[in-house]
Amino acid sequence: MLILGLNMFHADASSAIVLDGEVLFAIAEERLNRVKHFGGFPALAVKACLQAVGAKITDVDHVAVGQDSDANLAKKVQYALANPAKILNFIKLRQRKEAMRDVRALLAGALDTEPHKLHFQEHHLEHHIAHIASAYYCSPWEKAAGFSYDGSGDFVSTMMARCEGNEIDVFDRVYLPHSLGSFYTMICEFIGYRKYGDEGKVMGLAPYGKDTYCEPLRRVIDLGNGNFQLDLGYFKPLGSNQGMQVLPDGTVRLARHFSDRMIRLFGRPREPYSEITQRDMDLAFAMQHRFEEVFFHLLKQLHRHVPLPEVAMAGGCALNSVANGRLFAETPFERTWIQPAAGDEGLAIGAALHTYHSVLKQPRRYVMKNSYLGPEFSDPLIESELKKASLPYRKLERQPLLEAVADQIAAGNVVGWFQGRMEWGPRALGNRSIVAHPGRPDMKEILNARIKHREWFRPFAPSIMAEYQHQYFEHDHPSPFMLHVYKIRPQKRKELCAVNHVDNTGRLQTVSREENPLYYDLMEAFRRKTGIPVVLNTSFNENEPIVCAPAEAIDCFKRTRMDALAIGSFLVLKSEE
Ligand SMILES: [Fe+2]
């Protein structure tokens, strides 16, 4: 049984293909059309999914969309009636959603066929159920607590569920305009980070701040007895899309979230790219602090209803790896399974797996063992791209390639590492990565000056061989998708100085040989040369979506000052160009 999952006309449009319950391929449209967070119809991603499994759209039995515009309709109508200025907006959104619901016509158009030739059954699933399904149905667990939280989706910002066998039993929702994601976005905008997806950057700024504004920011969200409520006086009215706008060309914009009350309380908002002041750092600190307080409060409440040690989690806020790292100490949960594509691209997988298990009642066998669900490219194709780019290269066997790259890293050089299938989700996890020495004090500056051009306060992340995690980090729970931040042990901070953040933490990726043998063996080669079982791992890109195809990697290598490129079996050295 072939199921195509879709996230469409929403940020991070994506597609996934599931054959007999197994996710075979999944990709966000941005990786193919190179438009960051693209929010239109994922036509290229659908084609890539079908091509990967050698199927035609006429072979697809079910199409599942991670969005249901009829979900929570009564709440939407109630909100529109209470906010007359938003009624027109509400009607327009409904009309647009009706138009886009003709999935058959959209797919037929994208794939150059006739709608009447398509025989699939169509399913629409509420946004947050798709998030929870994307985590629970990929986890190894037979039962778990399910949690999803983000800015908004189908008029909901937070969902709690009891997951068991083939059932996701939702028992609580937080409706808009109350949203922990919108709280975070509002403060990020106020301190000058106004692009969709900037929240992760500001998380890195938070530890530079002090506890100056924790008390005033606490008033922005009231915990009360049940869930949480925003004090809307701090926000501009955002409407049922909670301030996220998808423009006709598929780019995603954010409306201004903060109200004039924020300006009266905290002064002028910071202009993007201007100097970051202590005020901005302190607001980032308080924002992260309050976010965590509310998050832990919600998880404790979830645990009271579902008293299990396991929580399966997704939603854009589940990318808050600092909060994820702390939840073990602050809540009763002992194990997490967080979808690597916790943001909205993950809806494609969630909708497809929910259809297979919850709707069609098919048994569970699949467990997501790694995030390498994207395309891969053969050596002959890579070689032809290298020739086209007129780059001198050497072809090496596996072990000599690993030794040569490990030598480069050990010498302090920066290496583009392009291997195997592309990662699913926003993190580069050792297949589309730039790797470097984690223990050189100047490495962060080198990477920023030569390649990444990131804000000074953003840390770089470590990949660590799984069996060494305990020696280097103060927490043992694995972090295979780079979604947890833990303290680095005091005696190891100097050794990992390039990936040790200002608060002595690291957003680690634990790598087992089973998950990624080639990347693991590269780390082992580096460990033999240096004694360090860790490499610095940052995404292979430069102010663009992460590279997907060889030509994009080669282009990024050529226009930045990377020292080497290891692409498939080929090694390119800048010094030999
Ligand atoms: Fe979402």
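One can find the structure itself at the top, above this paragraph.
Residues numbered from 1 in each chain as written. Predicted model: local features only at pLDDT ≥ 70, side-chain atom pairs only at ≥ 80, totals over all residues. Heavy atoms only, no water.

Some remarks on the overall build of the protein
Then comes step 1: Scanning the protein for helices and strands turns up 19 helices and 23 strands.
Then comes step 2: Along the first, second and third principal axes, the C-alpha atoms of the protein reach 65 × 60 × 45 Å.
Then comes step 3: Relative to its full complement of 577 residues, the protein shows a buried share of 61%.
Then comes step 4: Taking the contacts inside the protein whose residues are at least 6 apart along the sequence as the reference set, 72% of them involve residues at least 24 apart. (Helix = DSSP H or I, 4+ residues; strand = E, 2+ residues; numbered from the N terminus. Buried < 20%, exposed > 50% of the residue type's maximum accessible area, 1.4 Å probe, protein only. Contact = heavy atoms within 4.5 Å.)

Some details on the sheet that holds strand β6 (residues 143-153)
Then comes step 1: Within the open sheet, the 5 strands sit side by side as β8-β7-β6-β13-β14. Their pairing is mixed. Taken across any chain shown, the strands that pair with only one partner, and hence form the sheet edges, are β8 (167-175) and β14 (335-338). Taking the axes of each pair of neighbouring strands and ignoring which way they run, one obtains an average angle of 20° across the sheet.
Then comes step 2: Inspection of the sheet shows β6 paired to strand β7 (residues 156-164) by 8 bridges, in the antiparallel sense. Considered in β7, the bridge of Ser148 is made with Met159.
Then comes step 3: Running at roughly 155° to β14, helix α12 (residues 321-330) makes contact with β13 (310-314) and β14 of the sheet. (Pairing = 2+ DSSP bridges. Axes fitted to C-alpha atoms, helices over the stretch in contact; angles between N-to-C directions.)

Structural notes on helix α11 (residues 278-305)
Then comes step 1: In this model α11 runs 41 Å from its N-terminal to its C-terminal C-alpha over 28 residues, within 8% of the 40 Å that 1.5 Å per residue would give.
Then comes step 2: With 21 of its 28 residues buried, α11 lies for the most part within the structure. (Expected span 1.5 Å × (residues − 1).)

Notes on empty space enclosed by the protein
Empty space among the atoms becomes apparent when a probe as large as a water molecule is rolled across them.
Then comes step 1: A complete count under the given rule lists 3 cavities of 30 Å³ or more for this structure.
Then comes step 2: By volume, the largest cavity amounts to about 50 Å³. (1 Å grid on protein atoms, 1.4 Å probe; cavity = no way out; pocket = protein on both sides within 12 Å on 5 of 7 lines; lining within 4 Å. Points joined across faces, edges and corners; volume = space filled by probe spheres on them.)

With respect to the coordination of the iron ion
Any two of four tetrahedral donors ideally make an angle of 109.5 degrees at the metal, while pairs among six octahedral donors ideally make 90 or 180 degrees.
Then comes step 1: Coordination of the iron ion by the protein involves His127 (NE2), His131 (NE2), Asp150 (OD) and Asp344 (OD), with metal-donor separations of 2.0 to 2.2 Å.
Then comes step 2: Each donor residue of the iron ion belongs to the same chain, and together they define the spacing H-x3-H-x18-D-x193-D. Taken together, the positions of His131 in helix α6 (residues 127-136) and Asp150 in strand β6 put the pair 19 residues apart, joining distant regions of the chain. The pair formed by His131 and Asp150 is uniform in burial state, with each residue classed as buried. (Donors = N, O, S within 2.8 Å, 3.2 Å for Na, K, Ca; no water.)

Considerations on the nonpolar core
Then comes step 1: Core analysis: the largest hydrophobic core is formed by 159 residues, its most contacted members being Phe147, Phe183 and Ile349.
Then comes step 2: In contact with Phe147, not counting residues within four places along its chain, are Ile132, Thr158, Met159, Met160, Phe295, Leu298, Leu299, Leu302, Val311, Ala312, Met313 and Ala314.
Then comes step 3: In terms of nonpolar packing, the next biggest core, distinct from the first, is built from 27 residues, Phe25, Val46, Ala48 and Val63 among them. (Core = buried A, V, L, I, M, F, W, Y, C linked by side-chain atoms within 4.5 Å.)

Details of the pattern of salt bridges
Then comes step 1: Counted by the stated rule, this structure contains 32 salt bridges.
Then comes step 2: For Glu403, the salt bridge identified is with Arg528, shortest N-O distance 2.7 Å. Taken together, the residues Glu403 in helix α15 (residues 398-410) and Arg528 in helix α18 (residues 517-530) connect sequence positions 125 residues apart.
Then comes step 3: Between Lys529 and Asp407 there is a salt bridge; the shortest N-O distance is 3.2 Å. Separated by 122 residues along the polypeptide, Lys529 in helix α18 and Asp407 in helix α15 bring together distant segments of the chain.
Then comes step 4: The partly exposed category is assigned to Lys529, whose relative accessible area is 35%. (Salt bridge = Lys/Arg side-chain N within 4 Å of Asp/Glu carboxyl O.)

A word on the sheet that holds strand β22 (residues 564-567)
Pairing between the strands of a sheet is mediated by backbone hydrogen bonds and can be parallel or antiparallel.
Then comes step 1: What the 9 strands build is an open sheet, ordered β15-β23-β22-β16-β17-β21-β18-β20-β19; its pairing is mixed. Because the sheet does not close on itself, it has two edges, and the strands there are β15 (394-395) and β19 (484-487).
Then comes step 2: With 4 bridges connecting them, strand β17 (residues 432-436) and strand β21 (residues 534-539) associate as antiparallel partners. When the sheet's bridge partners are listed, Ser433 is paired in β21 with Ser539.

Considering the packing of aromatic side chains
Then comes step 1: For the coordinates displayed, the defined rule picks out 18 aromatic pairs.
Then comes step 2: Aromatic pair Tyr149 and Phe291: ring centres 5.7 Å apart, planes at 25°, arrangement stacked. Note that Tyr149 is positioned in strand β6 and Phe291 in helix α11, a separation of 142 residues in sequence. In terms of burial, Tyr149 and Phe291 fall into one category: buried.
Then comes step 3: Ring plane angle 85° and centroid distance 5.4 Å describe the contact between Tyr393 and Phe570, whose orientation is recorded as edge-to-face. Taken together, the positions of Tyr393 in the loop between α14 (379-388) and β15 and Phe570 in strand β23 (residues 570-573) put the pair 177 residues apart, joining distant regions of the chain. (Phe/Tyr/Trp six-rings, centres within 6.5 Å; stacked < 30°, edge-to-face > 60°.)

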